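As a plain string of letters, each chain reads:
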Amino acid sequence: MTEWVIEAENLTRRFGDFTAVNAINLQVAAGEIFGFLGANGAGKTTAMRIFCGLLEPTSGRATVAGFDAMTQAEQIKRQIGYMSQKFSLYGKLTVKQNIRFFAGIYGLSGQQVKHKTTEIVERLGLATAADKLVDDLPLGWKQRISFAVATVHQPKVVFLDEPTGGVDPIVRRQFWDMIFEAASRGMTVFVTTHYMDEAEYCDRVSIMVDGSVAAIGKPADLCAEHGVANVDELFVALARKATRHGD
Amino acid sequence: MATDRRALPHVSGVKMFRAFVLKEAKHVLRDRRSLFILLGLPVVMMLLFGFALSNEVKNSNFVVLDRAPDASTVGLADRIAESSYFTYSGRVDSEAEIASWFRRGDARLAVMFPPNFDHDLRHLGHAQIRLIADASDPNTASTVTNYATAIVAQYQTELGGSHVRPGAIAVETRMLYNPQLKSSYMFVPGVMTLILMLLGAMMTSVSIVREKERGTMEVLLVSPMNPLILILGKAVPYLVLCLIDVLIILALSYGLLDLPTGANLPLLLAESLLFIVATLSLGLVISNVVQQQQTAMFVSLVGLLMPSLVFSGFMFPIENMPLPLQVISHVVPTRWFYQIASNIMIKHLGFAAIVKPTLILAGMTLGLIAIAWRTFKQRLS
Amino acid sequence: MRNLFYILQKEFLLIFRDKTILRMIFIMPVMQLLLIPLAADYEVKHIAIAILDQDHTSDSQRLIQKVAASNYFRIVATPVDYQAGTELMEQGRADVVLTIPPGFQRDLAKTGHSSLQLGADAVNGVRAGLGTAYALAMVRQFQTELRTQSPPALPSPLSPVIEVTTASWYNPHVYYPAFMVPGLLPILVTMVGAFLSSLNIVQEKEAGTIEQINVTPIRKHEFILGKLIPFWVLGMVSITIGMLVARVAFQLWPAGSFLTIYGFAALYLVGVLGIGLFVSTITESQQQATLISFFIMMVFILLGGLYTPIESMPRWAQQIAAFNPPAYFISVVRAVYIKGSSAADLLPTLARLAGFALFFNALAIWSYKKRSA
């Protein structure tokens, strides 16, 4: 049996009498790029927050990097990276200061922190911008720095929440190159996105509708199953049946 | 799906204005916590000033240094203790001990009796007492000393029996406008001034700057909406809140605090409206000049509210200020509104008495509106 | 606690980049300390008195001259009738109107007693009270002078006189700033400790960076300490600046020891930081945080004896005042500055402040845990 890096078994989360996540089951293997799709309000964000250790399940089970989401949330946090579109970096700190902070927080030793800082700056080609405030950098650079910062401690899984909003296709492509590179080194990438073409880059995807997983599998297989040409159409077909509406 | 702008129906300015004002009003109403404070602050302040705060000096702790107690010293000490102005706190045996009591803050006054007090009084016809006051707070010290002196004087008169001393001049005193000497009522116009300045200037400026911070301001500015509507739309809900607060203050003053009636209320409301417009304009000026909510709050609180309060005459008497500060107070709108409001509410005066301050306030308001308009236009261009 | 080091590094970097906070720390003390003590002179002096002389005799003239010579009063008008006198008060041009009735001198000579009328604009109770007290004292003096001059027509039995001498300790020159300034220093500290700190945390809430912190291995207590410690430092800095301004602008230096002041400040700050933290857990926006902090501070300060004395408050208010940390700190700073009180003198207050620090921080932590579950 494969060791799943992320596993959900009848995972349920209720808020009062509203069931945001309804007994979902999914497994993600190491090194996979997993696309977590769904309309607003379908339960994506809630599920992801449970996986990140930010929220407790109401019932069912979720395991991330071998730790239980209910009882071992603190350990999960050490094993994962997280990047959201807006909030990963401190705008009023420089690039280097941001890297140093997060590296230190994730437990890297003083030596490693220094080493990582130079490495990331070089790798991203940011030598000229290293001492600039993050607020003053273009969005595309911010995103790449965010990803580097989120993975500074070589986590087993990195969660990406709508990471590529607001940039042009070329920048998006560059970002995905970073993701491929990380996945090839064994990191699992769990990404949610609105861009359906990005879904095609993923090894497997799942589509959430009304709190349940309506489809899960390889993009090509799912499209064939449902008789659609691409993931975009697949999404539309499934989302149409939704009764919940996002905000 | 591009929309042809020319094809959009022409929405009248008035309709747009109404829609915008309603949207802003909804935002204000939805923010329960802020609303709670904005409506509750005047209530709490009125209650505090009305029932808890007073400049009257009562229950001052005093100690007695009496090395040879006798009938008179004990009698006099008791008399002081009986008064509601004083609370007897203990005996001391030396001046050093007095210092210690003062340092601990456990007493404000020390009454020192010399030995043979009673004997001197009866056989020599005169004796001395020494009152030592902790003058850290000079006014209170002087009030406390005066009270004690008055009690001593009364005791002295009683000792002399019923003989009316020749050359006695009786003074009949009348306290006007405030017969019970409740230092309280002046705070009513003061609270009004403070609340209107806070609400009008700070809230409006913060509200507008928040849009700036979020970036939604630019969006609104490039829309077909007249920018004036944007500004007025932000101000109107706070104008309404200000008026509601004025009504709350009036209701509490008359209903709960027994402020003597007789004030010309319509006149008061009209003047309040004038002042509110002034504070709203101030808020607009601030919002045109700062970029962040935090700055708007800082400027409003420390830069505007505090000096306005200081120069208004509410907290500190203007006539006691050094000349340069008195001059400055003339250009501070709160000073004039405070004067107007107290003349109407406390002294029950009519328009004739407040023509001058009203004109000055109106002039300032117009000036502020002009500045707000100019700075706004500058930002747009 | 390695994390704490990195967190503090980040916080201090951010604070130094934030112009508004820096301005508040430096400008606010200067403004408040310069403006308020200069303006806050409560001394009742130059009471505007109008004298209505209906007697026009040598005695009434002498009384008028006595008033004119006094420092407490300045004669602003001599109205011709009662109506005119009242108008002067209405217009705010006179605080007190002294009416010398017709027959004043005649009555004094014939019957041995006479009367005067004093009307006071009591809108400002303190001023009216002290004004009339001074006037009465003056009349008494006048009375004594008359008596010593012209011996009474009727022989009078010996009536005792108690002579009262007074002394003022600690502020003999009646220097008002000596009283005001030490009272303002705690306000500075309170604003930094409660207001700025809550604003800072709420800013992070609004920006969403707290969520980012939540996914990292940073523990909750590390986060809290990371917020409290920098503002504790800033609070101590602001009181230092305040004391320097007091020295430079008002020549005020504590009569007691600095250590006492700093010691109490350190403890007090922990308490108000707890308040700031608590406020940040119950608010969602900067605006709310500002309003609620302002509200809490205003209530504390008004009930704190800065503006009106605590002893004058009714029972229930005094009992509330017992739970008012700023009230204690204000009294402590004043006592140390003016009277040279030592920590030993103020031990009970020290204990109380410690109690507050524990209470508010416990409250804050409980609220924080509850809301970020």
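Everything below is about the structure shown above.
What this report covers is the structure whose coordinates are included nearby. As the structure is a prediction and not an experimental result, all values here were calculated from the model. (Residues numbered from 1 in each chain as written. Chains lettered and ligands numbered in written order. Predicted model: local features only at pLDDT ≥ 70, side-chain atom pairs only at ≥ 80, totals over all residues. Heavy atoms only, no water.)

Quick word on the overall build of chain A
Right, so step 1: The helix and strand inventory of chain A stands at nine helices and 10 strands.
Right, so step 2: Over its C-alpha trace chain A gives a radius of gyration of 18 Å, about what one expects of a compact globule, namely 18 Å for 247 residues.
Right, so step 3: Considered along the principal axes of its C-alpha atoms, chain A spans approximately 50 × 40 × 35 Å.
Right, so step 4: Residues counted as buried form 54% of the 247 residues belonging to chain A.
Right, so step 5: In chain A, 68% of the contacts between residues at least 6 apart in sequence involve partners at least 24 apart. (Helix = DSSP H or I, 4+ residues; strand = E, 2+ residues; numbered from the N terminus. Rg over C-alpha atoms; globule rule 2.2 N^0.38 Å. Buried < 20%, exposed > 50% of the residue type's maximum accessible area, 1.4 Å probe, protein only. Contact = heavy atoms within 4.5 Å.)

Some words on the overall build of chain C
Right, so step 1: Assigned secondary structure in chain C consists of 14 helices and five strands.
Right, so step 2: In terms of C-alpha radius of gyration, chain C reaches 29 Å, well past the compact-globule figure of 21 Å for 373 residues.
Right, so step 3: Of all intrachain contacts in chain C linking residues separated by at least 6 positions in sequence, the fraction that spans at least 24 positions is 79%.
Right, so step 4: Surface accessibility of chain C: about 15,100 Å² in total, with carbon and sulfur atoms responsible for 64%.
Right, so step 5: Measuring between centres, the 27 positive side-chain charges of chain C sit 11 Å from its 22 negative side-chain charges. (Areas by Shrake-Rupley, 256 points an atom, 1.4 Å probe, with all protein chains shown as cover. Lys, Arg positive; Asp, Glu negative; His and termini not counted. Charge placed at Lys NZ, Arg CZ, Asp CG, Glu CD.)

A few points about the sheet that holds strand S1 (residues 4–15) of chain A
Right, so step 1: As summarised here, the arrangement of the four strands in space is S2-S1-S4-S5 (chain A), forming an open sheet in which the pairing is antiparallel. The open sheet terminates on both sides in strands that have one partner only, identified here as strand S2 (18–29) and strand S5 (67–68) of chain A. (Pairing = 2+ DSSP bridges.)

A closer look at the arrangement of the chains
Right, so step 1: Sorting the two pairs of chains in contact by contact count puts chains B and C at the top.
Right, so step 2: The least C-alpha distance between chain A and chain B, which are not in contact, is 13 Å.

So, the packing of aromatic side chains
All names here are of chain C.
Right, so step 1: Scanning the model with the defined rule gives 27 aromatic pairs over all chains in all.
Right, so step 2: Here phenylalanine 223 and tyrosine 368 contribute two aromatic rings whose centre-to-centre distance is 6.1 Å and whose plane-to-plane angle is 20°, an arrangement assigned as stacked. Of this pair, phenylalanine 223 sits in helix H9 (residues 220–250) while tyrosine 368 sits in helix H14 (residues 347–371), and the two are 145 residues apart along the sequence.
Right, so step 3: Since its relative accessible area comes to 7%, phenylalanine 223 is described here as buried. (Phe/Tyr/Trp six-rings, centres within 6.5 Å; stacked < 30°, edge-to-face > 60°.)

Describing helix H8 (residues 219–226) of chain A
Residues and elements named next belong to chain A.
Right, so step 1: Listed as buried for H8 are Pro219, Leu222 and Cys223. Angular distribution of buried residues about the axis of H8 spans 100°; they occupy a single face of the element. Facing away from the buried side of H8 by more than 90 degrees, the exposed set consists of Ala220, Ala224 and Glu225.
Right, so step 2: Where H8 is buried, its residues meet helix H7 (196–199), strand S9 (204–209), strand S10 (212–217) and helix H9 (231–240).
Right, so step 3: Positive backbone phi, at 70°, marks glycine 227, one or two positions downstream of H8. (Arc of directions from axis to C-beta.)

Re the interface of chain B and chain C
Many analyses report the size of an interface as the accessible area lost when the parts associate.
Right, so step 1: Each partner contributes to the interface: chain B provides 108 residues, whereas chain C provides 108 residues.
Right, so step 2: Carbon and sulfur atoms make up 63% of the area that chain B and chain C hide from each other, which totals about 9,800 Å².
Right, so step 3: The interface formed by chain B and chain C holds one salt bridge in total.
Right, so step 4: The salt bridge involving B:Asp134 is made with C:Lys339; its shortest N-O contact spans 2.8 Å.
Right, so step 5: Linking chain B with chain C are seven residue pairs in polar contact (both at pLDDT 80 or more), by the criterion used here.
Right, so step 6: Looking at the side of chain B that touches chain C, the elements with two or more residues in it are helix H2 (32–52), helix H4 (95–104), helix H5 (117–124), strand S4 (126–134), helix H6 (138–159), strand S5 (168–176), helix H7 (187–214) and helix H11 (293–312) of chain B.
Right, so step 7: For the side of chain B that touches chain C, the per-class residue count stands at 62 nonpolar, 28 polar and 18 charged. (Buried area = accessible area lost by both parts, 1.4 Å probe. Salt bridge = Lys/Arg side-chain N within 4 Å of Asp/Glu carboxyl O. Polar contact = N/O pair within 3.5 Å; in protein donor to acceptor, adjacent residues only side chain to side chain. Nonpolar A, V, L, I, M, F, W, Y, C, P; charged D, E, K, R; others polar.)

Quick word on the packing of H11(B) against helix H11 (residues 286–302) of chain C
Right, so step 1: One way to put it is that H11(B) packs onto H11(C) with a least axis distance of 10 Å and a crossing angle of 25°. The angle between H11(B) and H11(C) falls in the class roughly parallel. Seen from above, H11(B) lies across H11(C) with right-handed handedness. In this structure, H11(B) uses B:Gln293, B:Gln294, B:Met297, B:Leu301 and B:Leu305 to contact H11(C), whose residues at the interface are C:Gln286, C:Gln287, C:Thr290 and C:Phe294.
Right, so step 2: Split into classes, the residues belonging to the contact of H11(B) with H11(C) amount to four nonpolar, five polar and no charged. (Axes fitted to C-alpha atoms, helices over the stretch in contact; angles between N-to-C directions. Parallel < 35°, antiparallel > 145°, perpendicular 65-115°, else oblique. Left-handed = near helix turned anticlockwise from the far one by under 90°.)

Section: the side chain of A:Thr151
Right, so step 1: In this structure, A:Thr151 sits in the loop between helix H5 (139–150) and strand S7 (157–161).
Right, so step 2: Only 2.9 Å separates the side chain of A:Thr151 from the backbone oxygen of A:Phe147, close enough to count as a polar contact.

So, helix H1 (residues 44–51) of chain A
All names here are of chain A.
Right, so step 1: In terms of residue burial, H1 counts as a mostly covered element, since six of its eight residues are buried.
Right, so step 2: Residues of H1 that are buried: Lys44, Thr46, Ala47, Met48, Ile50 and Phe51.
Right, so step 3: One or two residues past the end of H1 sits glycine 53, with phi positive at roughly 85°.

Some points on the environment of C:Ile7
Right, so step 1: Tracing the chain through its elements places C:Ile7 in helix H1 (residues 2–17).
Right, so step 2: In this structure C:Ile7 comes out as buried when scored by relative accessible area, which is 3%.
Right, so step 3: Taking the C-alpha atoms as reference points, C:Ile7 and C:Ile218, separated by 211 residues in sequence, lie 9.0 Å from one another.
Right, so step 4: Excluding residues that lie within four positions of it along the chain, C:Ile7 makes contacts with A:Phe101, A:Ile105, C:Ile218, C:Glu222, C:Phe223 and C:Gly226.

Observations regarding the pairing of S10(A)
Residues and elements named next belong to chain A.
Right, so step 1: By the bridge criterion, five bridges tie S9 to S10 in an arrangement that is antiparallel. The residue bridging valine 205 from the neighbouring strand is glycine 217, located in S10.
Right, so step 2: Joining the antiparallel neighbours S9 and S10 is a turn of two residues, in which aspartate 210 adopts a positive phi near 55°.

Section: the sheet that holds S10(A)
All names here are of chain A.
Right, so step 1: Taken in spatial order, the six strands of this open sheet run S6-S7-S8-S3-S9-S10, and their pairing is mixed. Of all the strands in the sheet, the pair left with one neighbour each is strand S6 (80–84) and S10. In this sheet, adjacent strand axes meet at a mean angle of 15° when their direction is disregarded.
Right, so step 2: Relative to S7, S6 runs parallel, the two being bridged by five bridges. Within S7, the residue paired with tyrosine 82 across the bridge is phenylalanine 159.
Right, so step 3: Docked against the sheet, helix H6 (residues 169–184) engages strand S3 (33–38), S6, S7 and strand S8 (188–192), running at close to 130° with respect to S3.

Considerations on the interface of chain A and chain C
Right, so step 1: The interface of chain A with chain C comprises 26 residues on the first partner and 21 residues on the second.
Right, so step 2: Taken together, both faces of the contact between chain A and chain C bury some 2,300 Å²; the carbon and sulfur share is 62%.
Right, so step 3: Taken together, chain A and chain C are joined by one salt bridge.
Right, so step 4: Here A:Glu74 ties to C:Arg219 by a salt bridge, and the two come within 3.6 Å at their closest N and O atoms.
Right, so step 5: Where chain A touches chain C, the interface holds six residue pairs in polar contact (both at pLDDT 80 or more).

As for the pairing of strand S2 (residues 86–92) of chain B
Residues and elements named next belong to chain B.
Right, so step 1: The pairing of strand S1 (residues 60–66) with S2 spans six bridges and is classified as parallel. Among the inter-strand pairings, phenylalanine 62 is bridged to a residue of S2, identified as tyrosine 88.
Right, so step 2: Following the chain from S1 across helix H3 (residues 71–82) to the adjacent parallel S2, one finds a crossover that is right-handed. (Right-handed = clockwise from strand over helix to strand, strands pointing away.)

Description of the pattern of salt bridges
Right, so step 1: Counted according to the given criterion, the structure contains 24 salt bridges over all chains.
Right, so step 2: In this structure, A:Lys44 engages A:Glu162 in a salt bridge whose closest nitrogen and oxygen atoms are separated by 4.0 Å. Within this pair, whereas A:Lys44 is found in helix H1, its partner A:Glu162 is found in the loop between S7 and H6, the two being separated by 118 residues in sequence. A:Glu162 matches A:Lys44 in its accessibility class, with the two residues each being buried.
Right, so step 3: A:Lys116 serves as the salt-bridge partner of A:Glu119, at 3.6 Å between the closest nitrogen and oxygen. In this pair, A:Glu119 and A:Lys116 are both assigned in helix H4 (residues 110–123), three residues apart and thus about one turn of the helix distant.
Right, so step 4: Through salt bridges with shared partners, a single network forms among B:Lys23, B:Glu24, B:Glu211 and B:Lys234.

A short note on unusual backbone geometry
Right, so step 1: At A:Asp210, a position not held by glycine, the phi torsion is positive, near 55°.
Right, so step 2: Phi is positive for C:His56, which is not a glycine, with a value near 55°.
Right, so step 3: Residue position: C:His56 is located in the loop between strand S1 (47–53) and helix H3 (58–69).
Right, so step 4: What makes C:His56 exposed here is its relative accessible area of 61%.

This is a description of form; function is not addressed.
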